[in-house]
Amino acid sequence: MALEDFFEDFVILNKMSEPDGQGGVNWYLTEGAPFRAGIRTVSSTEAEIAYRSGTKTIFRITTPLGVELEQNDIVLRRKDERQYRITGNAIDNTTPDVATLQYRYVTAEVMQ
């Protein structure tokens, strides 16, 4: 059994804008590229302390190397249509080049 067997369907949401006709801008999200990823709650001691202090629950999203997620990207989990805002950069959390299995992960929070 491989790690990918536990991955779920996600899609990147693209931020788009259009003039509102009154000098302002309306922002909306459109579906972009689909990808598969694993997701879990971060349950470190630091995360638990932050959660009790009022911080949102922190999630870790694991992807293959080909998926480029950057801070403030928004992704949608297909299973429950929940949106997550990426709070870290994947480039900082990538397996070494010599590793047989190549993955990276980012931290994320649920958007309300």
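Residues numbered from 1 in each chain as written. Predicted model: local features only at pLDDT ≥ 70, side-chain atom pairs only at ≥ 80, totals over all residues. Heavy atoms only, no water.

(A) Here's a closer look at the overall build of the protein. From N to C terminus, the protein includes 1 helix and 6 strands. Listing each helix as α and each strand as β along the protein from the N terminus yields β-β-α-β-β-β-β. A principal-axis box enclosing the C-alpha atoms of the protein has dimensions of 55 × 35 × 25 Å. Residues counted as buried form 29% of the 112 residues belonging to the protein. Taking all contacts inside the protein whose residues are at least 6 apart in sequence as the whole, residues at least 24 apart take part in 50%. Surface summary for the protein: the accessible area is close to 7400 Å², and the carbon and sulfur share equals 50%. When the 12 basic and 17 acidic side-chain charges of the protein are each reduced to a single mean position, those positions are 6 Å apart. (Helix = DSSP H or I, 4+ residues; strand = E, 2+ residues; numbered from the N terminus. Buried < 20%, exposed > 50% of the residue type's maximum accessible area, 1.4 Å probe, protein only. Contact = heavy atoms within 4.5 Å. Areas by Shrake-Rupley, 256 points an atom, 1.4 Å probe, with all protein chains shown as cover. Lys, Arg positive; Asp, Glu negative; His and termini not counted. Charge placed at Lys NZ, Arg CZ, Asp CG, Glu CD.)

(B) Expanded view of the nonpolar core. Among the nonpolar cores identified, the biggest contains 16 residues, and Phe-10, Phe-35, Ile-61, Leu-69, Val-75, Tyr-84 and Ile-86 are the most heavily contacted of them. Among the elements of the structure, strand 1 (8-19), strand 2 (25-41), strand 3 (58-64), strand 5 (82-86) and strand 6 (103-110) are those that each provide at least two residues to this core. Excluding anything up to four places from it in sequence, Phe-10 contacts Pro-34, Phe-35, Ala-37, Ile-39, Val-75, Leu-76, Arg-77, Arg-78 and Tyr-84. (Core = buried A, V, L, I, M, F, W, Y, C linked by side-chain atoms within 4.5 Å.)

(C) Just unusual backbone geometry, in detail. Phi at Asn-72 is positive, roughly 75°, even though this residue is not glycine. In this model, Glu-81 sits at a positive phi of 60°, which is unusual for a non-glycine residue. You can call Glu-81 partly exposed: its relative accessible area is 47%.

(D) Spotlight on the pattern of salt bridges. One pass over the full model with this rule turns up 7 salt bridges. Asp-80 serves as the salt-bridge partner of Arg-77, at 2.6 Å between the closest nitrogen and oxygen. For Arg-77, a relative accessible area of 9% gives the class buried. (Salt bridge = Lys/Arg side-chain N within 4 Å of Asp/Glu carboxyl O.)

(E) Spotlight on the packing of aromatic side chains. Taken as a whole, this structure holds 3 aromatic pairs when the rule is applied. Their ring planes at 20° and their centres at 5.5 Å tell us that Phe-10 and Phe-35 sit as a pair that is stacked. Taken as a pair, Phe-10 in strand 1 and Phe-35 in strand 2 lie far apart in primary sequence, 25 residues in all. On the basis of relative accessibility, which here comes to 1%, the residue Phe-10 falls in the buried class. When the ring of Phe-59 is compared with that of Tyr-84, the centres are 5.3 Å apart and the planes differ by 75°; the resulting orientation is edge-to-face. In this pair, Phe-59 is assigned in strand 3 and Tyr-84 in strand 5, connecting sequence segments 25 residues apart. Accessibility assignment for this pair places Phe-59 and Tyr-84 in one class, buried. Over the aromatic face of Tyr-105 sits the side chain of Arg-60, whose NZ or CZ is 3.8 Å from the ring centroid. (Phe/Tyr/Trp six-rings, centres within 6.5 Å; stacked < 30°, edge-to-face > 60°. Lys NZ or Arg CZ within 6 Å of the ring centre and 35° of its normal.)

Everything listed here is a matter of coordinates, which is why it stays silent on function.
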